[in-house]
Amino acid sequence: MAGPNPQTCPVCGVKILVGVVGGDRVLFSAGPPGTRARLYARVCQYVQKAGCINPSGGNQPPQANDYYKPDAPKP
Ligand SMILES: [Zn+2]
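The rules we used
Residues numbered from 1 in each chain as written. Predicted model: local features only at pLDDT ≥ 70, side-chain atom pairs only at ≥ 80, totals over all residues. Pairing = 2+ DSSP bridges. Helix = DSSP H or I, 4+ residues; strand = E, 2+ residues; numbered from the N terminus. Axes fitted to C-alpha atoms, helices over the stretch in contact; angles between N-to-C directions. Buried ≥ 20, exposed ≤ 12 C-beta atoms within 10 Å, placed from the backbone.

This next bit is on the sheet that holds strand S1 (residues 5-8). Taken together, the three strands give an open sheet; going across it, the order is S1-S2-S3, and neighbouring strands pair in antiparallel fashion. Strands at the two margins of the open sheet, each flanked by one partner only, are S1 and strand S3 (25-27). Each adjacent strand pair in this sheet contributes to an overall mean axis angle of 25°, direction not counted. Bridging between strand S2 (residues 15-18) and S3 involves three bridges; their strand directions are antiparallel. What sits directly across from Lys15, in S3, is Leu27.

What follows is the structure, encoded as structure tokens:
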């Protein structure tokens, strides 16, 4: 059986591990891995270019903390 299949979005430059148990894992350049929904919430919804491998955010609903919170207090 095949292991996770890494794909890199040529538009966003983010690597996605496809075929991971529990859903695809998105490897961000900073911070912990997340879901396609998080990638979409943070990057792809703003990019909207042909060639993006995550044009819809996958089938997992984005969580509230998937979005950037510009008004969050700095640590
Ligand atoms: Zn993308």
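With that out of the way, let us pick up the pairing of S2. Two elements, S1 and S2, share four bridges in a ladder whose sense is antiparallel. Across the sheet, the residue bridging to Thr8 is Lys15, located in S2. Counted between consecutive antiparallel strands, the loop separating S2 from S3 contains six residues, among which Gly19 sits at a positive phi close to 90°.

Most peptide bonds take the trans configuration, and most residues that are not glycine carry a negative phi. The phi angle at Gln48 is positive, at roughly 50°, despite the residue not being glycine. Note that Gln48 resides in the segment after helix H1 (36-47). Taking the C-beta count within 10 Å as the criterion, Gln48 has 9 such neighbours and is therefore assigned exposed.

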